[in-house]
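Coordinates in review
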Amino acid sequence: MPAQRSAPTPQPSPDAVLIRRTMTEVGPVADKVTSYFYALLFVRHPDLRSLFPAAMDTQRDRLLKALLTAAEHIDNTPVLVDYLQNLGRGHRKYGTRPEHYPAVGECLIGSLSRFASAIWDAETEAAWVRAYTTISQVMIDAAAVDELRAPAWWYAEVVAHDLRTPDIAVITVRPDQPYPFLAGQYTSLETPWWPRIWRHYSFASAPRSDGLLSFHVKAVPAGWVSNALVHRARPGDIIRLGPPAGSMTVDHTTDSGLLCLGGGTGIAPIKALVEDVAEHGERRPVEVFYGARTDHDLYDIDTMLRLQQSHPWLAVRPVVDQRAHLHLPDAVREYGPWNEYDAYLSGPPGMIRSGVDALREAGIPSDRIRHDSVEELVAAGD
Ligand SMILES: NC(=O)C1=CN([C@@H]2O[C@H](COP(=O)(O)OP(=O)(O)OC[C@H]3O[C@@H](n4cnc5c(N)ncnc54)[C@H](O)[C@@H]3O)[C@@H](O)[C@H]2O)C=CC1
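Residues numbered from 1 in each chain as written. Predicted model: local features only at pLDDT ≥ 70, side-chain atom pairs only at ≥ 80, totals over all residues. Heavy atoms only, no water.

Negative phi is the rule for most residues except glycine; trans is the rule for most peptide bonds. For the bond running from Gly336 to Pro337, omega is 0°, close enough to zero to count as cis. Tracing the backbone through its elements, the reader meets Pro337 in the loop between α11 (328-333) and β10 (341-346). In the Ramachandran plot, Arg196 falls in the positive-phi region, its phi being about 65° despite a non-glycine side chain. Structurally, Arg196 is set in the loop between β3 (186-190) and β4 (198-202). (Helix = DSSP H or I, 4+ residues; strand = E, 2+ residues; numbered from the N terminus.)

Here it is as structure tokens:
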């Protein structure tokens, strides 16, 4: 969930209290809850097995995690609805149908009641039924609305594959039909080599007139999708894309400056944001801090410096750990003041966390700090 907009709820509702009590109870045996949930689901509803990847290891608990996250935030309505609508739309690409939801709900409650048996009672069950009914209805409705205006997924052909370092590739694809999105957003992507395994990647450019999309992909150890994209994908290969998502987009109703932190391949959506500002013809200051571990890892510095040369309002500052002996967020503290800026962060989860702390210390209020959900990034890390 986007951290920047979730305000703490002062008084939890009675249902939220019961849900959190269940979560505390099952926390220490979360793995068992997950295995039992999927076992129930596939034994009772074998037809649902084909909606999931063949190997259920890394992303085995994604569905359950999303449901539990939603249940935990059941009181935080606007943030929750936003999250669930996105989730509902995103589920169209898996082939999820409205009739699948009751089956999942029944197995969720079956698993929770088993592992929280010490505290489970009729009231707790009723709270979970109400929460799950709300959650699934928002998802089903959002998917139905989306069905009228967008495909469940897009096919896209790889048209260029540029290996920038031994493990980073810039990949350009041509979708089979128009793909509307905003600079700063991301998509989910499935390769032909690992069916039904989807990973998130940010768009590396603002929308282009030729309709092409590009992504920066780093092959991480044991990363199925990232290794396939970097080492195996070639022009002519066909991948699938889910719908665009994410709220790390430029607010064109203000003229505040943009402070952007891009770490590693996290520079991709930052580059898209810079292009977006340039296209809108605005003259607002944009300060980009581009972090990498070594000089060699600054694989897109030439592009960023070219952009700086063409746009006087843009400053690009490379920060190399090895040379500066500090992490990217620390470098930002040495400049400023930043209190008049909107901040955008993109990169590894640890960088986002310490970057948010550094920016808040520098006087930027939380509602002006944007980044993708750290939970999603952790889940996307291969
Ligand atoms: N929208 C987004 O937020 C996007 C995020 N990513 C994520 O970015 C990451 C890129 O990974 P790599 O290229 O391997 O980056 P990396 O590990 O090489 O680090 C890049 C930069 O982040 C800083 N950094 C790393 N860990 C930090 C920590 N714990 N605290 C403070 N600073 C830290 C480093 O100083 C370095 O400047 C991946 O995890 C990927 O999922 C990639 C694209 C878009």
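The next subject is the nonpolar core. Core analysis: the largest hydrophobic core is formed by 42 residues, its most contacted members being Phe37, Leu41, Leu84, Leu108 and Trp128. Elements supplying a minimum of two residues to this core: α1 (14-26), α2 (30-44), α3 (62-72), α4 (77-90), α5 (100-115) and α6 (122-147). Each residue touching Phe37, except ones within four places of it in the same chain, is listed here: Leu63, Leu64, Val104, Cys107, Leu108 and Ser111. Core analysis: the next-biggest nonpolar cluster, separate from the first, contains 24 residues, Val250, Ile270, Leu298 and Leu314 among them. (Core = buried A, V, L, I, M, F, W, Y, C linked by side-chain atoms within 4.5 Å. Buried < 20%, exposed > 50% of the residue type's maximum accessible area, 1.4 Å probe, protein only. Contact = heavy atoms within 4.5 Å.)

The next thing to look at is the side chain of Thr124. You can see Thr124 is positioned in helix α6. Since its relative accessible area comes to 0%, Thr124 is described here as buried. Not counting residues within four places of it along the chain, the set of residues in contact with Thr124 comprises Leu18, Arg21, Thr22 and Ile119.

Attention now moves to the packing of α2 against α3. Between α2 and α3, whose axes approach to 10 Å, the crossing angle comes to 110°. Between α2 and α3, the angle falls in the class roughly perpendicular. Between α2 and α3 lies a crossing whose hand is right-handed. For the pair α2 and α3, the contacting residues are Val33, Thr34, Phe37 and Tyr38 in the first and Arg62, Leu63 and Leu64 in the second. For the contact of α2 with α3, a count of residues per class yields five nonpolar, one polar and one charged. (Axes fitted to C-alpha atoms, helices over the stretch in contact; angles between N-to-C directions. Parallel < 35°, antiparallel > 145°, perpendicular 65-115°, else oblique. Left-handed = near helix turned anticlockwise from the far one by under 90°. Nonpolar A, V, L, I, M, F, W, Y, C, P; charged D, E, K, R; others polar.)

Let us now look at α2. Here α2 contains 15 residues, and its C-alpha end-to-end distance of 21 Å stays within 8% of the 21 Å for a straight helix at 1.5 Å per residue. Tucked into the core, α2 has its buried residues touching α1, α3 and α5. (Expected span 1.5 Å × (residues − 1).)

Note on interface size: it is often stated as the accessible area lost on association of the parts. Split by domain assignment, the protein chain resolves into domain 1 (3-147), domain 2 (154-241) and domain 3 (257-380). Taken together, the contact pairs 18 residues of domain 2 with 16 residues of domain 3. Both sides of the domain 2 and domain 3 interface together cover about 1,500 Å² of buried area, and 56% of this is carbon and sulfur. A per-residue breakdown of the area domain 2 buries against domain 3 is headed by Arg164, His200 and His216, which together make up 29% of the total. (Domains from an automatic or database assignment. Buried area = accessible area lost by both parts, 1.4 Å probe.)

What follows deals with the pattern of salt bridges. Enumeration according to the criterion identifies 14 salt bridges in this entry. Between Arg44 and Glu106 there is a salt bridge, and its shortest N-O distance comes to 3.0 Å. Here Arg44, found in helix α2, pairs with Glu106, found in helix α5; they are 62 residues apart in sequence, far enough to count as distant. Note on Arg44: relative accessible area 45%, which makes it partly exposed. We classify Glu106 as partly exposed; its relative accessible area is 36%. When the shortest N-O distance is used, the salt bridge between Arg164 and Asp162 registers 2.8 Å. Judged by relative accessible area, which is 32%, Arg164 ranks as partly exposed. When salt bridges that share partners are traced, they join Arg92, Asp146 and Arg149 into one network. (Salt bridge = Lys/Arg side-chain N within 4 Å of Asp/Glu carboxyl O.)

So, on to the packing of α1 against α6. Where α1 contacts α6, the axes come no closer than 9 Å and their chain directions differ by 105°. Taken together, the axis directions place α1 and α6 in an arrangement best described as roughly perpendicular. Where α1 abuts α6, its residues Asp15, Leu18, Ile19, Arg21, Thr22 and Met23 lie against Glu123, Thr124, Ala127, Trp128, Arg130 and Ala131. Its residues placed into classes, the contact of α1 with α6 shows six nonpolar, two polar and four charged.

As summarised here, the arrangement of the six strands in space is β4-β3-β6-β1-β2-β5, forming an open sheet in which the pairing is antiparallel. Edge positions in the sheet fall to β4 and β5 (213-218), since each of these pairs with one other strand and no more. Averaged over all pairs of adjacent strands, the angle between strand axes in this sheet comes to 40°, irrespective of strand direction. Both β3 and β4 contribute to a ladder of five bridges, which runs antiparallel. Residue pairing across strands places Glu190 opposite Trp198, the latter belonging to β4. Sheet strands touched by helix α7 (residues 224-231): β1 (154-165), β2 (168-175), β3, β4 and β5. Its angle to β5, the strand with the most contacts, is close to 115°. (Pairing = 2+ DSSP bridges.)

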